[in-house]
There are 2 protein chains.
Amino acid sequence: MSAIEQLRDKLVELQSELEKHKDENKIQREKIEKMSAEVVDSNPYSRLMALQRMGIVKDYERIREKSVAVVGVGGVGSVTADMLTRCGVGKLILFDYDKVELANMNRLFFTPDQAGLSKVEAAASTLNFINPDVTIETHNYNITTVESFDKFLDTIKNGGIASNSSVDLVLSCVDNFEARMAINAACNELGLNWFESGVSENAVSGHIQFIRPGDTACFACAPPLVVAENIDEKTLKREGVCAASLPTTMGITAGMLVQNTLKYLLNFGEVSDYLGYNAMIDFFPKMSLKPNPSCDDRHCLLRQKEFAAKPKVEKVETVEEIQAPVHEENNWGIELVDSSAPVTTEAKPKEVSTGLKLAYDAPDKTEAVVEGAVGNTADISLDDLMAQMKSI
Amino acid sequence: MSAIEQLRDKLVELQSELEKHKDENKIQREKIEKMSAEVVDSNPYSRLMALQRMGIVKDYERIREKSVAVVGVGGVGSVTADMLTRCGVGKLILFDYDKVELANMNRLFFTPDQAGLSKVEAAASTLNFINPDVTIETHNYNITTVESFDKFLDTIKNGGIASNSSVDLVLSCVDNFEARMAINAACNELGLNWFESGVSENAVSGHIQFIRPGDTACFACAPPLVVAENIDEKTLKREGVCAASLPTTMGITAGMLVQNTLKYLLNFGEVSDYLGYNAMIDFFPKMSLKPNPSCDDRHCLLRQKEFAAKPKVEKVETVEEIQAPVHEENNWGIELVDSSAPVTTEAKPKEVSTGLKLAYDAPDKTEAVVEGAVGNTADISLDDLMAQMKSI
């Protein structure tokens, strides 16, 4: 065989191997026009559409008409986006400005080969591969700067599935006070419902909080009294200190967040106003917080007025049970207020340690509203306790 | 340029592109000899080792000496294996005999390109890529057949990190009665602790149960009274019916399972005997079940005798708090018994529907022990309630 023939053979061989490798990177399922309930191995929606037959959800496919913004694509946000993508949500809008690092590998979702990529780009690529039916939009900037805040506000205002409509829900999965306040300000201004979420720096507790402007306390109505002072992860890392984290606590927090998102968007079950998780003793406190009538956020006050004037209609959707009764009785469903609630009167430290600052100067008014709220849920819990005692 | 030179150039170009694609498929981090607490972006263990500085875990790196068997690598098992891999467990032994299908894409972990692969092989490949420090062993067979059961028993008996040692824990993530009974029989025979887990077919509840042979009720002490009769997924699918499932419920169940696994293996917090999850109302019941003195499993009776004879020593490990006090007080940590516990006296149906069978014929003795167990926890809860009432 001549040299040129050998070269040609080698070239054909290489080209075919290359195509194979390219294919391996790209095997992606086709888009699916309409969700089907057909029970075949090739249907990625059969187990979700079965929620209708089980009497849990009336019309599961409505999820395709929903648009959800996820702010922060870290340990909680990435798993949140993953779950919503697998559930087939219509549109996901991701916000983050951080990069994937090997130091993030102790949480679910990202893989070591993505180290160095922007979190939103890496996430969008994985999510689009998992479910090409979901529209993924990415925003790679810090929402707390003045210019970016306007872009953020505009994006969630016009990010709905229908043109000129807002997103259906904003999920906060950020890790700092400033970003939470930015989301709070935007959602108060637009009257948009959102969930706040968080995990503790010792990795063994987490929480979600449902904020409906005017109806429940916003983040500025009862913010944490003490917050880290201009200390971001970079400063901490220079000092050789970082927060602990666990895939378990973050996965559970993301699960609680998306489960309540599904209940809200598809109208089933009870959406929790606040749900906490203490991993040390497997304790899951629930509570409700009323809005603060002297909140610092003027849009919150506007929303409170609107809410007070609105006629209260309870939206009840009945789901016909087609198969197998669902055993959901809960004779012991007592809800108790957590003693480690975000703000309590006792939690006012006289001295603030280095690196911490008071988040605001006038705790009196928030104290009042939080006391009221806590007292309120404590009263409810007491009634429940009494009822339980009698029934034993 | 001559034809041969052009060919040579093309060849070099192709070869380099091919290498790039091969690299893309294989960028995998090097193994890490010893876990480091150093706070740098390139350290995948910094956030886990920080649990020591936070005063949660005394010696995190002990996790490398632990071997865990995960039986069933579906919606709960795959996420369980993912979490344990990212936490850097020493060894994972995976059992399953099913294949990945597109119909599984509504749960976390598997990706559409893995459809058709065996679940254990697909999982092992992903997990090894995520963390090459974890030893992954796969077993692709059904543990309930006579021959395979012996292989299963032998594997968990000798699957520890040290030679001739057993695994440290078995996690059941299976979806049927027969497989749970097989795991139960093996663990009773070997005196091995294990966690049972499960999610309901309507996708909105889940649970985990810690079984310590001789100390707590085994799966045969108080099994479900009614189980599906020889109906596996294949039969159901032919009839166009399948169970519903959600990534949220399965992620939360896996999170509860692995969190309690970490607490048990690394000796921190309180390990729950039973933890349930009702997604409709965000209710998380806890309870304890004592072993049945007339259990059908003779190895269970042997373990009960051994446990009764053993001197009771409480193992307490103190962790020095180096930084930031952990606020873990829980004045409201009341544990209540769930009314929908696996077996209750009221739950005895007179008629069994088509496709269901009684799992056993003599419910009297289990009734007795379950009554006792429930009565017992109910008493404890009553005391707790009384104490709480007084303190309000």
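In this text, all values refer to a predicted model and were calculated from it rather than measured experimentally.

Cut-offs applied
Residues numbered from 1 in each chain as written. Chains lettered and ligands numbered in written order. Predicted model: local features only at pLDDT ≥ 70, side-chain atom pairs only at ≥ 80, totals over all residues. Heavy atoms only, no water. Helix = DSSP H or I, 4+ residues; strand = E, 2+ residues; numbered from the N terminus. Buried < 20%, exposed > 50% of the residue type's maximum accessible area, 1.4 Å probe, protein only. Areas by Shrake-Rupley, 256 points an atom, 1.4 Å probe, with all protein chains shown as cover. Pairing = 2+ DSSP bridges. Right-handed = clockwise from strand over helix to strand, strands pointing away. Axes fitted to C-alpha atoms, helices over the stretch in contact; angles between N-to-C directions. Patch = residues over 30% accessible without salt bridge, like charges linked within 9 Å, V, L, I, M, F, W, Y side chains within 5 Å. Salt bridge = Lys/Arg side-chain N within 4 Å of Asp/Glu carboxyl O. Lys, Arg positive; Asp, Glu negative; His and termini not counted. Charge placed at Lys NZ, Arg CZ, Asp CG, Glu CD. Expected span 1.5 Å × (residues − 1). Polar contact = N/O pair within 3.5 Å; in protein donor to acceptor, adjacent residues only side chain to side chain. Core = buried A, V, L, I, M, F, W, Y, C linked by side-chain atoms within 4.5 Å. Contact = heavy atoms within 4.5 Å. Disulfide = S-S within 2.5 Å. Parallel < 35°, antiparallel > 145°, perpendicular 65-115°, else oblique. Left-handed = near helix turned anticlockwise from the far one by under 90°. Nonpolar A, V, L, I, M, F, W, Y, C, P; charged D, E, K, R; others polar. pLDDT = per-residue confidence, 0-100.

As for the overall build of chain A
Here is step 1 of the chain: Counting its secondary structure elements, chain A contains 10 helices and 9 strands.
Here is step 2 of the chain: Counting over 392 residues, chain A shows a buried share of 54%.
Here is step 3 of the chain: Accessible surface, chain A as shown: approximately 17500 Å² in total, 50% of it carbon and sulfur.

Remarks on the pairing of strand β4 (residues 169–172) of chain A
Residue and element names in this part refer to chain A.
Here is step 1 of the chain: The two faces of β4 match: Leu169 and Leu171 on one face and Val170 and Ser172 on the other face are all buried.
Here is step 2 of the chain: Note: strand β1 (residues 67–71) against β4, 4 bridges, orientation parallel. By the bridge assignment for β4, Val68 is matched with Leu169.
Here is step 3 of the chain: Here 3 bridges tie β4 to strand β5 (residues 194–199), and the two strands are oriented parallel to one another. Among the inter-strand pairings, Ser172 is bridged to a residue of β5, identified as Glu196.
Here is step 4 of the chain: In the classification by handedness, the crossover that spans β4, the intervening helix α6 (residues 177–190) and the parallel β5 is right-handed.

Observations regarding the sheet that holds strand β8 (residues 274–278) of chain A
Remark on secondary structure: sheet strands pair via backbone hydrogen bonds, oriented parallel or antiparallel.
Residue and element names in this part refer to chain A.
Here is step 1 of the chain: Here 7 strands make up an open sheet; going across it, the order is β3-β2-β1-β4-β5-β6-β8 and the pairing mixed. Single-partner strands in this sheet number two, and they are β3 (135–139) and β8. Each strand of the sheet is rotated relative to its neighbour by a mean of 15°, with strand direction disregarded.
Here is step 2 of the chain: Across 5 bridges, the pairing between β1 and strand β2 (residues 91–95) is parallel.

A short note on a negative patch on the surface
All names here are of chain A.
Here is step 1 of the chain: A cluster of acidic residues, Glu147, Asp150, Asp154 and Glu189, forms a negative patch at the surface.
Here is step 2 of the chain: Per-element tally for the negative patch: the top contributor is helix α5 (residues 146–157), with 3 residues.
Here is step 3 of the chain: By secondary structure assignment, the location of Glu189 is in helix α6.

Brief notes about the pattern of salt bridges
When their charged atoms lie close together, side chains carrying opposite charge are able to pair.
Here is step 1 of the chain: Taken as a whole and judged by the stated rule, the model has 22 salt bridges over all chains.
Here is step 2 of the chain: The salt bridge involving Asp282 of chain A is made with Lys263 of chain B; its shortest N-O contact spans 3.5 Å. In this pair, Asp282 of chain A is assigned in the loop between β8 and α9 (298–309) and Lys263 of chain B in helix α8 (residues 247–266), connecting two distinct chains. Take Asp282 of chain A and Lys263 of chain B: they sit in the same class, and that class is buried.
Here is step 3 of the chain: Notably, a salt bridge pairs Glu306 of chain B with Arg303 of chain B, separated by 3.0 Å at the nearest N-O pair. A residue pair is termed a helical-turn pair when its members lie 3 or 4 positions apart in one helix, as Glu306 of chain B and Arg303 of chain B do in helix α9 (residues 298–309) at 3 residues.
Here is step 4 of the chain: Owing to a relative accessible area of 43%, Glu306 of chain B belongs among the partly exposed residues under this scheme.
Here is step 5 of the chain: For Arg303 of chain B, a relative accessible area of 13% corresponds to the buried category.
Here is step 6 of the chain: Here the salt bridges do not stand alone but share partners, grouping Arg29, Arg64 and Asp133 of chain A into one network.

Remarks on the sheet that holds strand β1 (residues 67–71) of chain B
Residues and elements named next belong to chain B.
Here is step 1 of the chain: With mixed pairing, the 7 strands of this open sheet are ordered in space as β3-β2-β1-β4-β5-β6-β8. In this open sheet, the two edge strands, each paired with only one partner strand, are β3 (135–139) and β8 (274–278). Within the sheet, the average angular offset between the axes of one strand and its neighbour, ignoring direction, is 15°.

Let's talk about α6 of chain A
Residues and elements named next belong to chain A.
Here is step 1 of the chain: Taking 1.5 Å per residue, 14 residues should reach 20 Å; α6 reaches 20 Å between its end C-alpha atoms and fits that length.
Here is step 2 of the chain: Buried within α6 we find Phe177, Ala179, Arg180, Ala182, Ile183, Asn184, Ala186, Cys187 and Asn188.
Here is step 3 of the chain: Its side-chain oxygen 3.3 Å from the backbone nitrogen of Glu178, Asn176 forms the N-cap of α6.

Concerning the nonpolar core
Here is step 1 of the chain: Counting residues in hydrophobic clusters, the biggest one holds 124 residues, and the most contacted among them are Tyr60 and Leu92 of chain A together with Tyr60 and Leu92 of chain B.
Here is step 2 of the chain: Not counting residues within four places of it along the chain, the set of residues in contact with Leu92 of chain A comprises Val68, Val70, Ala81, Leu84, Thr85, Leu127, Val134, Thr135, Ile136 and Glu137 of chain A.

Quick notes on the state of the cysteines
Residue and element names in this part refer to chain A.
Here is step 1 of the chain: Across all of its chains, the model carries 0 disulfides over all chains by this definition.
Here is step 2 of the chain: Looking at Cys221, it has no disulfide partner, and the nearest cysteine sulfur is the one in Cys300, 3.6 Å off.
Here is step 3 of the chain: What makes Cys221 buried here is its relative accessible area of 0%.

Considering the packing of helix α3 (residues 77–86) of chain B against α8 of chain B
When two helices pack together, their arrangement is given by the angle between the helix axes and the distance between those axes.
Residue and element names in this part refer to chain B.
Here is step 1 of the chain: Interaxial distance between α3 and α8 falls to 9 Å at its minimum, and their mutual angle equals 45°. As far as their axial angle goes, α8 and α3 are oblique. Note that α3 runs across α8; the crossing there is right-handed. Facing α3, whose interface residues are Val79, Thr80, Met83 and Leu84, α8 presents Gly251, Ala254, Gly255, Leu257, Val258 and Thr261.
Here is step 2 of the chain: Classifying every residue of the contact of α3 with α8 by side-chain character gives 6 nonpolar, 4 polar and no charged.

So, the environment of Lys263 of chain A
Here is step 1 of the chain: Lys263 of chain A sits in the buried class, given a relative accessible area of 1%.
Here is step 2 of the chain: Separated by 206 residues in the primary sequence, Lys263 of chain A and Val57 of chain A have C-alpha atoms spaced 8.9 Å apart.
Here is step 3 of the chain: Ignoring sequence-local partners within four residues, the contact set of Lys263 of chain A consists of Phe268, Gly269, Glu270 and Val271 of chain A together with Ala279, Met280, Ile281 and Asp282 of chain B.

Concerning unusual backbone geometry
Most peptide bonds take the trans configuration, and most residues that are not glycine carry a negative phi.
Residues and elements named next belong to chain A.
Here is step 1 of the chain: Not every positive phi belongs to a glycine, and Asn164 is a case in point at roughly 60°.
Here is step 2 of the chain: A residue is classified by how much of its surface remains accessible, and Asn164, at 72% relative accessible area, is exposed.
Here is step 3 of the chain: One non-glycine residue, Asp282, lies in positive phi territory at about 50°.
Here is step 4 of the chain: Asp282 sits in the buried class, given a relative accessible area of 3%.

Quick notes on the confidence of the model for chain A
Residue and element names in this part refer to chain A.
Here is step 1 of the chain: Per-chain confidence: chain A averages 82 in pLDDT, with 74% of residues scoring 70 or above.
Here is step 2 of the chain: Low pLDDT (under 50) marks residues 321–351, which in the prediction has 72 contacts with non-local residues, meaning those over four places away or in another chain.
Here is step 3 of the chain: In the predicted structure, residues 362–386 sits below a pLDDT of 50 and forms 44 contacts with residues beyond four places in sequence or in another chain.

Here we look at the side chain of Ser46 of chain A
Here is step 1 of the chain: As for its position among the elements, Ser46 of chain A is in helix α2 (residues 46–53).
Here is step 2 of the chain: Classification of Ser46 of chain A by relative accessible area gives buried; the value is 1%.

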